[in-house]
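What the coordinates show
Listed below are the residues making up each chain.
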Amino acid sequence: MPGLLLDTLNGKRGRRVPLWLMRQAGRYLPEYRALRAEKGGFLAMAYDSEAACEITLQPIDRFGFDGAILFSDILIVPHALGQHLEFLTGEGPKLSPPLVDAALESLEPDPSRYEPIYQTVRLCRQRLSPETTMLGFAGSPWTVATYMVAGEGSRDQHETRAMAYRDPAALQGIVDAISDQTIEYLRGQIDAGAEAVQLFDSWSGSLAPDEFERWVIAPNATIVAALGESHPDTPVIGFPKGAGEKLPAYARETGVRAVGVDETLDPAWVARELPAGMAVQGNLDPLLLLAGSEALEARIRTILEAFADRPHVFNLGHGIDRRTPIKHVERLIAAVRGFEG
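Right, let's walk through the structure included here. (Residues numbered from 1 in each chain as written. Predicted model: local features only at pLDDT ≥ 70, side-chain atom pairs only at ≥ 80, totals over all residues. Heavy atoms only, no water.)

Scanning the chain from N- to C-terminus turns up 15 helices and nine strands. Summarising its shape, the C-alpha atoms of the chain cover approximately 55 × 45 × 40 Å along the three principal directions. Split into buried and exposed, the 341 residues of the chain put 57% on the buried side. Sequence separation of at least 24 residues holds for 74% of the intrachain contacts in the chain that already meet a minimum separation of 6. As displayed, the chain has an accessible area near 13,900 Å², and 48% of this comes from carbon and sulfur atoms. Averaging the locations of the 33 positively and 46 negatively charged side chains of the chain gives two centres separated by 6 Å. (Helix = DSSP H or I, 4+ residues; strand = E, 2+ residues; numbered from the N terminus. Buried < 20%, exposed > 50% of the residue type's maximum accessible area, 1.4 Å probe, protein only. Contact = heavy atoms within 4.5 Å. Areas by Shrake-Rupley, 256 points an atom, 1.4 Å probe, with all protein chains shown as cover. Lys, Arg positive; Asp, Glu negative; His and termini not counted. Charge placed at Lys NZ, Arg CZ, Asp CG, Glu CD.)

Structure, rendered in structure tokens:
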């Protein structure tokens, strides 16, 4: 029997609203911090299948979430495409050579870098109960391209946005390569046991409308269509953070089964504007969960009530903040699971 989360992503409303949190396997958990101190750096753990599986399962063991999200990173794809990847303490990820200075053709791809990730999925699926949905993921092409072009993260994605205007053919080649690799990568995750996958477009909000159509909607639609051909029963969740008023077009045109919503959008507006019957995921502000103020339960109720007439997966509007107290997560779970609409 499929789990409650998987049923919801497939358009069914169950006995309650399923719940998982983006970045639920991570630094807010003391057991994660202990394992990281033992194992070393982030990338080493992501490529250590046993460690990555243990981290994936930590929040399931502690909280009983309805979905287990693979512990990995969106930059595995550029690493497999041939860029050198490292995570520097206090600085974040660094990719070299940055494609603002180098040609994509100069890289030497190494698709064997996907295999440890597939093994993590296999191990997790073996150890999870059937009721818990195994979630795979990848970064969407635009967001991954911003790191590949600049060689690092940035607040405004300046280098890649400028390339989109200055040399769109060059950026199209990068985006196409990422799309092809992402299709292969997600197919491998699904074959290994992922029951649903999420596409993270964390920087989609930096684009103007025409650019959003070309660099967000079009490549995501390509990926979803390819996965639909090879794995038609596997739901794809699209998460275009910052999409704003462009969210309904994304929902209609990409072909995703469910849409993740960030905290900046009014859930009542989202419920009105998304296609009827489409599953929605979100959208509590991670900072409200961090604060744990008197407003927490009220906001949870507002979100649940707004999405009461469609399939809904409760989640945050982005990843959980590493400073979030465990007791606040427990309050969230109690409020969602105790809701009676």
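Once that is clear, we can look at the pattern of salt bridges. Applying the stated criterion to the full structure yields 13 salt bridges. In this structure, R337 engages D66 in a salt bridge whose closest nitrogen and oxygen atoms are separated by 3.3 Å. Of this pair, R337 sits in helix α15 (residues 326-337) while D66 sits in the loop between α4 (49-63) and β1 (67-69), and the two are 271 residues apart along the sequence. Across the pair E305 and R301 runs a salt bridge, and its minimum N-O distance is 3.0 Å. Taken as a pair, E305 and R301 lie in helix α14 (residues 295-306) at a separation of four residues, close to a single helical turn. The class of E305 is partly exposed, set by a relative accessible area of 44%. (Salt bridge = Lys/Arg side-chain N within 4 Å of Asp/Glu carboxyl O.)

The next point concerns the environment of Y114. Within the secondary structure layout, Y114 lies in the loop between β3 (92-96) and α6 (115-127). For the pair Y114 and Y185, spaced 71 residues apart in sequence, the C-alpha to C-alpha distance is 6.9 Å. Apart from the residues within four sequence positions on either side, Y114 is in contact with I76, V77, A80, Q181, E184 and Y185. A distance of 2.6 Å separates the side chain of Y114 from the side chain of Q181, its partner in a polar contact. (Polar contact = N/O pair within 3.5 Å; in protein donor to acceptor, adjacent residues only side chain to side chain.)

So, on to the environment of L247. Structurally, L247 is set in helix α11 (residues 247-254). By relative accessible area, L247 is classed as buried at 1%. Put simply, L247 and V261 are 14 residues apart on the chain and 8.4 Å apart in space, counted from C-alpha to C-alpha. With residues up to four places along the chain from it excluded, the contact list for L247 reads P240, V259, G260, V261, L265, V270 and L274.

The next subject is the side chain of H328. Looking at where H328 falls in the secondary structure, it is placed in helix α15. Taking relative accessible area as the criterion, H328 reaches 8% and is therefore assigned buried. Here the side chain of H328 touches L289 through a polar contact of 2.9 Å, landing on its backbone oxygen. Once residues lying within four places of it in the same chain are set aside, the contact partners of H328 are L289, L290, A291, G292 and L296.

Moving on to the packing of helix α7 (residues 141-150) against helix α8 (residues 158-166). As a packed pair, α7 and α8 sit with axes 8 Å apart at the nearest point and diverge in direction by 100°. Of the possible angle classes, the one that applies to α7 and α8 is roughly perpendicular. Listed contacts from α8 to W142, A145, T146, V149 and A150 of α7 are E159, T160, R161 and M163. (Axes fitted to C-alpha atoms, helices over the stretch in contact; angles between N-to-C directions. Parallel < 35°, antiparallel > 145°, perpendicular 65-115°, else oblique.)

Now for the packing of aromatic side chains. Counted according to the given criterion, the structure contains 10 aromatic pairs. Measuring from ring centre to ring centre gives 5.3 Å for F63 and F65, while their planes differ by 45°; the resulting arrangement is tilted. Each member of the pair, F63 as well as F65, is classed as buried. Here F200 and F239 contribute two aromatic rings whose centre-to-centre distance is 6.1 Å and whose plane-to-plane angle is 85°, an arrangement assigned as edge-to-face. Remark: F239 occurs in strand β6 (residues 236-240) and F200 occurs in strand β5 (residues 196-201); sequence separation between them is 39 residues. The exposure class of F200 is buried, given its relative accessible area of 13%. Its relative accessible area of 0% is what places F239 among the buried residues. In this structure an aromatic cluster arises from ring pairing among Y32, F42, F71 and F87. (Phe/Tyr/Trp six-rings, centres within 6.5 Å; stacked < 30°, edge-to-face > 60°.)

Here the focus is unusual backbone geometry. The general pattern is negative phi for most residues beyond glycine and trans for most peptide bonds. Following S96, the chain continues to P97 via a peptide bond in cis, the omega torsion being -5°. When you line up the elements, P97 lands in the loop between β3 and α6. Here the residue pair G282 and N283 is connected by a cis peptide bond, since its omega of -10° sits within 30 degrees of zero. By the element assignment, N283 lies in strand β8 (residues 279-284). The phi torsion at R23 lies on the positive side, around 60°, for a residue other than glycine. Tracing the backbone through its elements, the reader meets R23 in the loop between α1 (4-9) and α2 (30-39). Take R23: its relative accessible area is 52%, and that puts it in the exposed class.

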